Structure formats: C-alpha cells, structure tokens
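# Analysis of the macromolecular model
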Amino acid sequence: MELKARKRIGLVAHDNKKLDLIEWARFNRGMLAQHDLVATGTTGTMLQRELELPVTCLQSGPLGGDLQVGAMVADGSIDFLVFFWDPLEPQPHDTDVKSLLRIAVVWNIPVACDRASADFMISSPLMTSSYERTVPDYTAHNDREIPGSEETVGADDGDGAGLELARAARLAR
C-alpha cells in the first residue's frame, strides 16, 4: 500500500501524557501542518486549541475513541500512530489500549509510544515522501476452515440450503 507524502496521523494520549503530546506537537507544528490529523476526543480538542490546526476529533478514549482509531488503522485510514500511553496508571479501558496497539502491529503501521520514538518518526525522510508499506496478506486466515462451522450455521437436510448458508458464512468472514 502506498503512503502518500501527506500522511494521516493518529494522535492519542492518556491523561498523564496529554501535556507531553501537546508539547511534542507544538514543537513539531510545522511538520504536522503538512499532514491530516486524527485524534481521540479530549486530546484532539487540546491539539486544535494549541496548534490552531484542523484535527478530526473522535470519541474520548474510554468512550470508544481508541476503538475508532483502531478501526481506522484496520481500514487503512491512518498511516501511523503517535500514542503516548501511561505505563504506570491502570486505565479503565486497558483492553481497548491493548487492542489499538495490537491492530497497529497487525496492519504494519509505525507506532510511537513515547517522545523519543515520535521524534525519530517525524524526523524521518519518509515523513515527507511516499512510502510503499507492506500490508500483510491475511487471505489464508480469512479463508481458513473453522471446525464445526457448518454444523453451527445449519446442517444440510438434503436440499443443499444448509451447505449454501455455511458457504455464505465463510465468505462473509
């Protein structure tokens, strides 16, 4: 998948890391202005106010924003992620946090979880040029046989409808 020179950047920060992200974004405002920014609710609102740049704001993280960012990663709408998460504070939505980090790895997008990594990413020459990102091929995973799936969907009673249903269910995956 070709990433254009203008990237779509996901920006997420836990409460104790929001000021770190804002400071980082302020320092890198010129570079960020050349890209499309998407952020979870409170973080996005703060970024808009501080940077005076357009930011697409999703829900707050605990209200589903992390999941929305993850869905955008999965459908190719986010090219890389800057996620300043707090490793010392338990989050009420820890499973969403883990899911977001996992899906970024599944779809092979760059992720910066701290300022040093974000500095390396944003200063890379790839930041302002196109890049051919390898997207993993999950065809075999999507087409795999799931034991018992035909019985679950419906048995064939002789008219073939049950098998047709099972085939349709497999294709829908």
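Residues numbered from 1 in each chain as written. Predicted model: local features only at pLDDT ≥ 70, side-chain atom pairs only at ≥ 80, totals over all residues. Heavy atoms only, no water.

## Focus: the confidence of the model for the protein chain
The criterion, for reference: Here pLDDT means the predictor's own confidence in every residue, given as a number from 0 to 100. Whether two residues are in contact is decided by their heavy atoms, any of which lying within 4.5 Å being enough.
Averaged over the protein chain, the pLDDT score is 87; the fraction of residues at 70 or greater is 86%. For residues 152–156, every residue scores under 50 in pLDDT, and the model assigns this stretch nine contacts once sequence neighbours within four places are set aside.

## Considerations on the nonpolar core
Worth spelling out the cut-off: To form a nonpolar core, buried Ala, Val, Leu, Ile, Met, Phe, Trp, Tyr and Cys residues must be joined to one another through side-chain atoms within 4.5 Å. Think of it in three bands: residues with accessible area under 20% of the maximum for their type are buried, residues over 50% are exposed, and the middle band is partly exposed, with areas taken using a 1.4 Å probe on protein chains only. Per the convention used, a helix needs a DSSP run of H or I reaching at least four residues, while a strand needs a run of E reaching at least two, with both numbered from the N terminus.
Among the nonpolar cores identified, the biggest contains 23 residues, and Ile 9, Leu 11, Leu 21, Trp 24, Leu 32, Leu 47 and Val 82 are the most heavily contacted of them. Put simply, the parts of the chain that give this core at least two residues each are β2 (8–13), α1 (18–27), β3 (36–39), α3 (41–51), β5 (80–84) and α6 (115–122). Per-element tally for this core: the top contributor is α1, with four residues. With residues near it in sequence (within four places) discarded, Leu 47 still touches Leu 11, Leu 21, Ile 22, Ala 25, Ala 39, Glu 52 and Val 55.

## Notes on the packing of α1 against α6
The following threshold applies: Every axis in this analysis is a line fitted to C-alpha atoms, fitted for helices over the stretch in contact. Angles between the N-to-C directions lie between 0 and 180 degrees. Working definition: roughly parallel below 35 degrees, roughly antiparallel above 145 degrees, roughly perpendicular at 65 to 115 degrees, and oblique for all remaining angles. By the definition used in this description, the sense in which the near helix is turned from the far one sets the handedness, with an anticlockwise turn below a right angle giving left-handed and a clockwise turn giving right-handed.
The N-to-C vectors of α1 and α6 enclose an angle of 25°; their axes lie 11 Å apart at closest approach. Here α1 lies roughly parallel to α6, going by the angle between them. Considering how the two elements wind past one another, α1 and α6 form a crossing that is right-handed. Seen from α1, the contacting residues are Asp 20, Glu 23, Trp 24 and Phe 27; seen from α6, they are Arg 115, Ala 118, Asp 119 and Ile 122.

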